[in-house]
Amino acid sequence: MIAAARAVLALALLAVLYALVASMVLLWAAFLAVALWSAGAPGVQTPPTSAIIACAAFAPIVFGMAWAVVRTARPATPREDAVTVTRRGAPELWRMVEELALGVGTHPPAHIRLTAEVNASVTEDAPLLGLAPGRRVLYLGLPLLAGLSLAELRAVLAHELGHFSHRHNRFGAVAHRGAAGLAAARQAIQDVSAANDLVRLYAGGPLLLLGLYTYLFRWLTRPVRRRQELEADREAARVAGPGAVADALCSTEALGAAWQQFLAEFLAPMRRATGRIPDDPFRAFAHMVEAPELREPLATLRARAVEQPAGPDDAHPPLATRLKRLARLPAAETGAVPLFARPLSVPPRYAIELGRILLPGPDAGRRVPWRDWLTELAEHRARRPLAPLAEAVRTVEEAERTGRLRDERTGRPGTERTERPEDEQTERPEAERTGRPGTERTERPGTERTAWRKAERAKAERPETERESDALTIQRVLRLLDGGRRMPLARALNSRLPRGAQNESDPLRPLADALAVLIGAQLVSRGVAYWAMDWTGPSILVPPAGITPETIHTWADTAVRLPGQTQLLGLHLAALGVDERAPLPTGPAGDAADGVVPGAPGGQPRLISIVPGATGPARRRITAVRALALTVLLGVAGLTFVLWANRDEPSYPGTPVTPWTDGYRPGGGTTGTTGGTVPAPLPTYLYPTAPVWPTPPAYRLPSPSLPGSDIKPLVPRSTP
């Protein structure tokens, strides 16, 4: 009865959604019809241009919204970002799912598909809006298999199968379809408004209307969906135990945060810097989760997850509420013991295939074995201070060379002077005095970038011997330390480090750390040491036997802080077989300290653009919106012009001419009342056919009664 009532509520909400979209389509059609009718009405002087533009602007909004709702109304298709797991490929996983389905009293799913998200869900491709049974699919995030224990994984699977046993799909499928339709409709309006400025002017009204109904829809469905989650928790606690379910809920929240950190702080930076990605990123993530240094951070994430409230759009209750409900449940029965003693895993081919879906295309990077990728990641993270150190060394050397040339031009000897604070302030370049990296004189951004490209291209085109002499070496650093340039070098390095790595109170500390990394890189290149991955900080150097990482750091710190101790450091390095003049080798990750990536065409530095560009789907969407708006605009404008041009002209005042009032008959004459024809010289009409002008007065000759005038006597006569 409760399931039927929930289904009726979901159907009512879904019907209102479809009616809302249909009403918006009808309103647009009615507005278009009124605009066309007004264009052909008599007395219209100009076509309705504003109505034409409004119809063209609303067309992408209406059609996009209708198509989004129609698309979500159809049965859900299999997700493209998932990999199907067969029974032969993962028999243990299938046996566990079937056992748990029997425990909760439902049928097992027909398919199990792996995803790259930290989540698990179930769907049922049910016809008749989810009211009839359909094919069940279980979606399981592969990061859960990498980070959850066996008991926690069983609890997660039992929770998802509990939705089937309580027939939550009757409400969930319809509610999910309605929520997906609303989200798709709003997204369609946002997409078309972002693709065209004209559409953006008219998108506010539909967005506001859909936003109000979305709020109402979620307000009505949220209590029902959260109650279903609590019911699934009770079912999972009955099968797997309330303690396992509570641990699974907390671990899932912590794994979600850790997975995002892995993608943002390790996978993406390594991909941008070296162009390499692991063939199985999930195994690398499992190595990260199992690291001892992450136990305390993960415990902190679990504790923070309990304190976080549920979002307004979240269908799950707050985690604290779920844990309180689970704490009141009785413990699991003795028979609910995991059958598998070892951790559950799937064949690597599924993870590799899912990794190609997570990072698709040839531009994703070069795929290397995940163990080799971890080694390269550790070396890349350890060598990060070397590139700023190389830039700082070049800057100080150029400043020193410039000062020597100035002394030669002025005639003063270019001898070395004792380092004093005022000398540091005057001799170090403008970039170090202001704390801003770059050249000493102000240049325009385009000029500076062009000059940098030319300098890097010229450096790459130089002979190999000259490039090796310009490479970063331990000898160059020690020479600057012996020459009294430790403070300019430390400040130059400190200004080039990230903000979190800078040390204003002790600028020599970053210089000592960078020198220790440089020594470690030389030891690793000789094969007598290696870098160990540390997920919470810089990589740790594992030196030869008999030497600790702290020992090498102490040597570097002493050489940096105490003048005259560089020779002692040289003796230690000679004992280890390290050549001070050897250039810094390029690591296997492909990152060099001079900023030039090996393998790049012509040895030029690889430039990475940070300007966002439109993706393929975005470009296609923009083109479709423009084409639809232009088509509607031209079509409506053409039809409106035709109607406006053929409109009826208004008639003159008077009695209109009709067959009953028109007395003219061909052949002359008019029809009388008796039926006879009366001859008439001209046809007559009941309204004037030409303007009637007044008759001018006729000219009359003078009357004969008036006295006449004889002028003959007045005419002179000729004399003979």
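Predicted, not measured: the structure shown is a model, and the values here were computed from it. (Residues numbered from 1 in each chain as written. Predicted model: local features only at pLDDT ≥ 70, side-chain atom pairs only at ≥ 80, totals over all residues. Heavy atoms only, no water.)

Colleague: Explain the overall build of the chain here, please?
Modeller: In terms of helices and strands, the chain carries 25 helices and 10 strands. By residue count, 41% of the 720 residues in the chain fall in the buried class. In the chain, once contacts between residues fewer than 6 apart in sequence are set aside, the share between residues at least 24 apart is 76%. When the accessible area of the chain is evaluated, it comes to approximately 41,200 Å², of which 59% is carbon and sulfur surface. (Helix = DSSP H or I, 4+ residues; strand = E, 2+ residues; numbered from the N terminus. Buried < 20%, exposed > 50% of the residue type's maximum accessible area, 1.4 Å probe, protein only. Contact = heavy atoms within 4.5 Å. Areas by Shrake-Rupley, 256 points an atom, 1.4 Å probe, with all protein chains shown as cover.)

Colleague: Looking at this structure, I do not really get the packing of aromatic side chains. What am I missing?
Modeller: How two aromatic rings sit relative to each other is given by the distance of their centres and the angle of their planes. Taken as a whole and judged by the stated rule, the model has nine aromatic pairs. Taken together, the aromatic side chains of Trp 259, Phe 262, Phe 266, Phe 282, Phe 285, Trp 373 and Trp 535 make up a single cluster linked through ring pairs. In this arrangement the basic side chain of Arg 87 is found over the ring face of Trp 94, its NZ or CZ atom lying 4.1 Å from the centre. (Phe/Tyr/Trp six-rings, centres within 6.5 Å; stacked < 30°, edge-to-face > 60°. Lys NZ or Arg CZ within 6 Å of the ring centre and 35° of its normal.)

Colleague: What am I meant to see in the pattern of salt bridges here?
Modeller: Pairs may arise between side chains of opposite charge once their charged atoms sit close together. Taken as a whole and judged by the stated rule, the model has 17 salt bridges. Across the pair Arg 322 and Asp 233 runs a salt bridge, and its minimum N-O distance is 2.8 Å. Taken as a pair, Arg 322 in helix α12 (residues 319–327) and Asp 233 in helix α8 (residues 204–240) lie far apart in primary sequence, 89 residues in all. Each member of the pair, Arg 322 as well as Asp 233, carries the same accessibility label: buried. (Salt bridge = Lys/Arg side-chain N within 4 Å of Asp/Glu carboxyl O.)

Colleague: Please clarify how the nonpolar core should be interpreted in this entry.
Modeller: One recurring pattern in soluble globular proteins: nonpolar side chains tend to sit buried together. Core analysis: the biggest nonpolar cluster contains 122 residues, and Phe 262, Leu 389 and Trp 535 have the highest contact counts within it. Broken down by element, the residue count for this core peaks at 13 residues, all from helix α9 (residues 242–274). Not counting residues within four places of it along the chain, the set of residues in contact with Phe 262 comprises Leu 267, Pro 281, Ala 284, Phe 285, Met 288, Trp 373 and Trp 535. By size, the runner-up hydrophobic cluster in this structure holds 18 residues, among which are Leu 13, Leu 14, Leu 20 and Ala 185. (Core = buried A, V, L, I, M, F, W, Y, C linked by side-chain atoms within 4.5 Å.)

Colleague: Can you walk me through the side chain of Ser 495 in this structure?
Modeller: Here Ser 495 is to be found in helix α21 (residues 486–496). The buried category is assigned to Ser 495, whose relative accessible area is 18%.

Colleague: When you look at helix α3 (residues 91–104) in this model, what are you seeing that I'm missing?
Modeller: An α-helical segment advances 3.6 residues per turn. Residues three or four places apart therefore align on the same side. Between its first and last C-alpha atoms α3 spans 20 Å; for 14 residues at 1.5 Å apiece the expected length is 20 Å, and the two agree. Among all positions in α3, only Glu 92, Leu 93, Trp 94, Met 96, Val 97, Leu 100, Ala 101 and Val 104 are buried. (Expected span 1.5 Å × (residues − 1).)

Colleague: Help me out: how do you make sense of the side chain of Glu 152 in this one?
Modeller: Note that Glu 152 resides in helix α5 (residues 150–165). Buried charged residue Glu 152 carries no salt bridge. Nearest counter-charge: Arg 302, at 4.3 Å. A distance of 3.2 Å separates a polar atom in the side chain of Glu 152 from the backbone nitrogen of Ser 149. When near neighbours in sequence (up to four residues on either side) are disregarded, Glu 152 contacts Ala 244, Asp 247, Ala 248, Ser 251 and Arg 302. (Lys, Arg positive; Asp, Glu negative; His and termini not counted. Polar contact = N/O pair within 3.5 Å; in protein donor to acceptor, adjacent residues only side chain to side chain.)

Colleague: Before we go on, may I ask you to explain the packing of helix α20 (residues 474–482) against helix α24 (residues 566–575) in this structure?
Modeller: Two elements in contact, α20 and α24, have axes separated by 10 Å at closest approach and are oriented at 160 degrees. What the angle tells us is that α20 and α24 run roughly antiparallel. For the pair α20 and α24, the sense of crossing is left-handed. Residue-level contacts link Ile 474, Leu 478, Leu 481 and Asp 482 of α20 to Thr 566, Leu 569 and Leu 573 of α24. Across the contact of α20 with α24, the residue classes tally to five nonpolar, one polar and one charged. (Axes fitted to C-alpha atoms, helices over the stretch in contact; angles between N-to-C directions. Parallel < 35°, antiparallel > 145°, perpendicular 65-115°, else oblique. Left-handed = near helix turned anticlockwise from the far one by under 90°. Nonpolar A, V, L, I, M, F, W, Y, C, P; charged D, E, K, R; others polar.)

Colleague: Explanation requested: the packing of helix α10 (residues 281–289) against helix α14 (residues 370–382) in the structure shown.
Modeller: The description of two helices packed together rests on the angle between their axes and the distance between the axes. Interhelical geometry of α10 versus α14 gives an angle of 55 degrees and a closest axis separation of 9 Å. Considering their axes alone, α10 and α14 lie oblique with respect to each other. Between α10 and α14 lies a crossing whose hand is right-handed. Side by side, α10 and α14 meet where Arg 283, Ala 284 and His 287 of the first sit next to Trp 370, Trp 373 and Leu 374 of the second. Taken together, the residues that form the contact of α10 with α14 break down as four nonpolar, one polar and one charged.

Colleague: Got a minute to help me understand the confidence of the model for the chain in this structure?
Modeller: Close inspection of predicted coordinates is inappropriate in any region flagged by low pLDDT. Chain-level statistics for the chain give a pLDDT mean of 76 and a share of 67% at 70 or above. Taken as a whole, residues 414–449 scores under 50 in pLDDT and shows 37 contacts with residues more than four places along the chain or in a different chain. (pLDDT = per-residue confidence, 0-100.)

Colleague: How should I be thinking about the environment of Val 70 in this particular structure?
Modeller: The topology assignment puts Val 70 in helix α2 (residues 49–73). As a C-alpha pair, Val 70 and Tyr 18 span 52 residues in sequence and 9.0 Å in three-dimensional space.

Colleague: What should I look at first to understand the sheet that holds strand β2 (residues 111–115) in this one?
Modeller: Pairing is mixed in the open sheet, where four strands are placed in the order β1-β2-β4-β3. Every interior strand has two partners, whereas the edge strands, β1 (83–85) and β3 (120–125), have only one. Strand-to-strand twist across the sheet, computed as the mean angle between neighbouring axes with direction ignored, equals 30 degrees. In this structure, β1 lies alongside β2, joined through three bridges in antiparallel fashion. The partner of Thr 84 across the bridge, within β2, is Arg 113. Packed onto the sheet, α5 meets β3 and β4 (135–141) and runs at close to 25 degrees relative to β3. (Pairing = 2+ DSSP bridges.)

Colleague: Can you walk me through the pairing of β2 in this structure?
Modeller: On a regular strand, each side chain points to the face opposite its neighbour's, so the side chains alternate between the two faces of the sheet. With four of five residues buried, β2 lies mostly within the body of the structure. Two elements, β2 and β4, share five bridges in a ladder whose sense is parallel. Paired with Ile 112 across the bridge in β4 is Leu 138.

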